[in-house]
Amino acid sequence: MSPLVLTIIISSLGLGTILTFIGSHWLLVWMGLEINTLAILPLMIRQHHPRAVEASTKYFITQATASALLLFASVTNAWTSGEWNLVEMVNPGSATLATIALALKIGLAPLHFWLPEVLQGLDLTTGLILSTWQKLAPFAILLQLYPSLNPNLLIFLGVLSTMVGGWGGLNQTQLRKILAYSSIAHLGWMISILHYSHNLTQLNLILYIIMTSTTFLLFKTFNSTKINSISSSSSKSPLLSIIALLTLLSLGGLPPLSGFMPKWLILQELTKQNLIIPAIIMAMMALLSLFFYLRLCYATALTMTPAPINMLTSWRTNLPPNLALTATASLSIFLLPITPAILMLTS
């Protein structure tokens, strides 16, 4: 792909997200989402591989369906209330339909079936964009609509997503599918607390983006897409394999790492709101997610590659310095001690 075309595509991605951020009119917001969807399709299909074509087709059909539902919800709300303003969602039916459309857009259970399959068909760089940047625009809408949304529906979607994310990742051997189920579980944590504390949703989203970016960048550095290929990472770079170990444990929410902070605060807030049963279910499902992160940790840092290996490996490769990986890895591991300062800034 030529640099000019790539620049136009990346600029369009940014433009679509910014339009959704700044828009207060439903049609402007919808237009931003459409630009966002159409801009990522050339990045997804640039490999010219059957799996990439299949993933792009599935993604386009899913996002088009979600956009149609969202447009129908906004038109129905405007028809009943006479308001095109984003925050004036007074019709409960339109609010429910908008919630379902946005859940389909970001991949919340039970509307998650497209996400693992699409992510599996992409390269790691495009998968990183899909798992992080593409979540920003729908969450920008959800964070503006949250007073109008049904809290019971949000809790149902959140708890079901944590269950699907925990169970779904257990039997996977492909790293991209594991990260897809990890994404579903984390989105469940964010959406369950949205109605009660939108600041916690924002905090969880930021930390999720940081930790997921670190994981994708590490796998890209190791050039690994399967669990059995990641076991050669310790021979490529022992330091990076330790960072990968800590980042995966942080994704699992293990103290004293950064990923423990949002889970702890969300469980605390759910308990304050008397939602004891959802909090217990989500905490138990976090243990399932932690199990498959531990599988990855075992493969990354605690196993050695067998001698007869069928892939090209390098011994102690001199990896170039990566500033983005350094910054995201530091934030993924060391943020827990400054939780009071973060809470003060977000309150």
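Residues numbered from 1 in each chain as written. Predicted model: local features only at pLDDT ≥ 70, side-chain atom pairs only at ≥ 80, totals over all residues. Heavy atoms only, no water.

**Looking at the UniProt feature "transmembrane region" (unreviewed entry) in the chain**
The sites that UniProt annotates as "transmembrane region" (unreviewed entry) are residues 57-75, 95-115, 153-171, 178-196, 202-219, 239-255, 275-294 and 323-345. End C-alpha atoms of residues 178-196 are separated by 29 Å, and the span's content is 79% helix alongside 0% strand. Across residues 323-345, helical content stands at 83% and strand content at 0%; the span's end C-alpha atoms are separated by 26 Å. (UniProt positions renumbered as here; feature names shortened; annotations may be inferred. Helix = DSSP H or I, 4+ residues; strand = E, 2+ residues; numbered from the N terminus.)

**Some details on the packing of helix H1 (residues 3-22) against helix H7 (residues 133-145)**
In the contact formed by H1 and H7, the axes pass within 9 Å of each other and the chain directions differ by 10 degrees. Considered as vectors, H1 and H7 are oriented roughly parallel to each other. On H7, the residues touching Leu 13, Gly 14, Thr 17, Thr 20 and Phe 21 of H1 are Trp 133, Gln 134, Leu 136, Ala 137, Ala 140, Ile 141 and Gln 144. Looking at the contact of H1 with H7 residue by residue, the classes come out as 7 nonpolar, 5 polar and no charged. (Axes fitted to C-alpha atoms, helices over the stretch in contact; angles between N-to-C directions. Parallel < 35°, antiparallel > 145°, perpendicular 65-115°, else oblique. Contact = heavy atoms within 4.5 Å. Nonpolar A, V, L, I, M, F, W, Y, C, P; charged D, E, K, R; others polar.)

**Digging into the side chain of Gln 63**
Turning to its location among the elements, Gln 63 is positioned in helix H3 (residues 50-81). In this structure the side chain of Gln 63 is engaged in a polar contact, spanning 2.9 Å, whose partner is the side chain of Lys 105. Those residues within four positions of Gln 63 in sequence are excluded, and the remaining contacts are Thr 37, Leu 104, Lys 105 and Trp 114. (Polar contact = N/O pair within 3.5 Å; in protein donor to acceptor, adjacent residues only side chain to side chain.)

**A look at the UniProt feature "domain: NADH:quinone oxidoreductase/Mrp antiporter transmembrane" (unreviewed entry) in the chain**
UniProt tags residues 25-287 as "domain: NADH:quinone oxidoreductase/Mrp antiporter transmembrane" (unreviewed entry). Secondary structure across residues 25-287 comprises 77% helix and 0% strand; the distance between its end C-alpha atoms is 42 Å.

**Regarding the environment of Leu 119**
Residue position: Leu 119 is located in helix H5 (residues 114-120). Using a relative accessible area of 1% as the deciding quantity, one classes Leu 119 as buried. Here the alpha-carbon distance between Leu 119 and Lys 177, two residues 58 residues apart in the chain, equals 6.7 Å. Those residues within four positions of Leu 119 in sequence are excluded, and the remaining contacts are Gly 127, Leu 130, Ser 131, Arg 176, Leu 179, Ala 180 and Phe 216. (Buried < 20%, exposed > 50% of the residue type's maximum accessible area, 1.4 Å probe, protein only.)

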